[in-house]
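Inside the fold
Chain residues, written in single-letter form:
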Amino acid sequence: MPLLLDARDPSAIGQAAQRLAEGSLVGLPTETVYGLGADADNASAVRAIFAAKGRPADHPLIVHLAPGDTPGGWRSAVDHYARDIPAFALRLMEAFWPGPLTLILPRRPDVAAVAAGGQDSVGLRCPSHPVAQALLREAAQRGVRGVAAPSANRFGRVSPTTAAHVADEFAALGDDALLILDGGACPVGIESTIVDASRGHPVLMRPGMITPEQLQAACGQPVRPRDEAAPRASGTLASHYAPTAKVRLMDGKMLQTALDVLGKDARHIAVYARTRLRAGPGVKLQTMPADAAACAHELFAVLRELDATGVRLIWVETPPPLTEWDGVRDRLSRAAA
Ligand code: TXA
Ligand code: MG
């Protein structure tokens, strides 16, 4: 089993930072989801991330940077990894870092090639979670300039939002191979908004809790939707975030009709909906929050819990057609693909 440490334990952050400096893996909480981290400039450490996740080597990882006021923090670290940074990208960093925004920037050719999965770009983000920040600060003091960290799940699975999820995903790794910092449940709950800033204009690659309107207001120019020419990104594959049970999206009315038709035969089904529904005995009904942020916060944990009950189908009510629901809608449609 991986070594699980309470991040409030006074020596935990130091131990985790030391492991990063030595080229070992650390599971860390961020405000979005838990990451599986390694020193971004240590090729063999980064390869261990791909191996543990079962992730193809050409799927790039996000490099996490320490807070701006830290020696070695993002204001200097950005220039270690990226070049030709457009003005709109700097405005986005100033507006949203630390926070749940990742920027894809042109990569300096001599750095973080393995983490970048061979792309000529690099994904950078400065997380706001206090445990991630403390870890990145202490790691920076030990010479680690950035921590490459994908979501801490095996490839194609639901992202983890608690330390227990991470321990489940990587139960096969020993305590010498993986240390997990337990910082509680992640507040945001879905992965960062990703903006590609490597093609001269901002392109939204992955919706998250920062909306296109907020991005546009901060960077002063329209943020385009992603197109097919976009570089491949695992979180943008159609089928991703998939539980074992089959996920299906339906509106409230259709859900009720389907439950009525099935009657007593609906026991192998779990339902996650905002609409109040009538269902036969044994049907697991889980209430979806009416607020997008509250739903995002619990979404992956709910999918994991419903999946663990052994149901064959998870029926989910389609989120409202508002931009604040874009991130949740995106994750649910991928889970249903
Ligand atoms: O909130 C998050 O972003 C979390 C936490 C741990 O920071 N991380 C995360 O990482 O979701 P991951 O690897 O599961 O998803 C990162 C996405 C992938 O779709 C990846 O392909 C894309 O970012 N990405 C990273 N670097 C890229 C690059 N240079 N070019 C294109 N896409 C990139
Ligand atoms: Mg992921």
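Residues numbered from 1 in each chain as written. Chains lettered and ligands numbered in written order. Predicted model: local features only at pLDDT ≥ 70, side-chain atom pairs only at ≥ 80, totals over all residues. Heavy atoms only, no water.

1. Brief notes about the packing of aromatic side chains
- Enumeration over the complete set of coordinates arrives at one aromatic pair.
- Ring geometry for Trp 74 and Trp 97: centres 5.2 Å apart, planes at 85°, overall edge-to-face. Here Trp 74, found in helix 3 (residues 74-81), pairs with Trp 97, found in the loop between helix 4 (87-96) and strand 5 (101-106); they are 23 residues apart in sequence, far enough to count as distant. (Phe/Tyr/Trp six-rings, centres within 6.5 Å; stacked < 30°, edge-to-face > 60°. Helix = DSSP H or I, 4+ residues; strand = E, 2+ residues; numbered from the N terminus.)

2. Some points on the side chain of Arg 334
- With respect to the helices, strands and loops of the structure, Arg 334 is situated in helix 10 (residues 326-336).
- For Arg 334, the side chain forms a polar contact with the side chain of Asp 330, separated by 2.6 Å. (Polar contact = N/O pair within 3.5 Å; in protein donor to acceptor, adjacent residues only side chain to side chain.)

3. Structural notes on the site of ligand 1
- Around ligand 1, a shell composed of 24 residues is seen, among which Thr 32, His 64, Ser 151, Ser 192 and Arg 206 lie nearest.
- Take Thr 32: an N or O atom from its side chain is 2.6 Å from an oxygen atom of ligand 1.
- Taking Arg 55, its side chain carries an N or O atom lying 3.0 Å from an oxygen atom of ligand 1.
- Elements that contribute at least two residues to the shell around ligand 1 include exactly strand 4 (62-64) and strand 6 (121-125).
- Sorting elements by how many residues they give to the shell around ligand 1 places strand 6 first, with four residues.
- Taken together, the residues that form the shell around ligand 1 break down as eleven nonpolar, nine polar and four charged. (Near = heavy atom within 4 Å. Nonpolar A, V, L, I, M, F, W, Y, C, P; charged D, E, K, R; others polar.)

4. Here's the deal with the environment of Val 188
- Take Val 188: it is sitting in the loop between strand 8 (178-182) and strand 9 (193-196).
- Those residues in contact with Val 188 that sit more than four places away from it in its chain are Glu 31, Thr 32, Met 209, Ala 293, Ala 296 and His 297. (Contact = heavy atoms within 4.5 Å.)

5. Focus on the packing of helix 1 (residues 12-21) against helix 5 (residues 130-141)
- Close contact between helix 1 and helix 5 brings their axes to 9 Å; oriented N to C, the two are set at 55°. The angle between helix 1 and helix 5 falls in the class oblique. In the crossing of helix 1 with helix 5, the sense of the turn from one axis to the other is right-handed. Only Val 131, Ala 134, Leu 135, Glu 138 and Ala 139 of helix 5 make contact with helix 1, whose side of the interface consists of Ile 13, Gly 14, Ala 16, Ala 17 and Leu 20.
- Within the contact of helix 1 with helix 5, the residues separate by chemical class into eight nonpolar, one polar and one charged. (Axes fitted to C-alpha atoms, helices over the stretch in contact; angles between N-to-C directions. Parallel < 35°, antiparallel > 145°, perpendicular 65-115°, else oblique. Left-handed = near helix turned anticlockwise from the far one by under 90°.)

6. Examining the sheet that holds strand 12 (residues 246-250)
- Across the sheet, four strands lie side by side as 12-15-13-14; this open sheet has parallel pairing. Strand pairing shows two members of the sheet lacking a second neighbour, strand 12 and strand 14 (284-287), which therefore form its edges. Ignoring which end each strand starts from, the neighbouring axes of this sheet average 20° apart.
- The sheet contact formed by strand 12 and strand 15 (residues 313-317) spans five bridges and is parallel. Counterpart to Arg 248 in the pairing with strand 15 is Trp 315.
- Here helix 8 (residues 252-262) sits on the sheet in contact with strand 12, strand 13 (269-273) and strand 15, set at roughly 145° to strand 15. (Pairing = 2+ DSSP bridges.)

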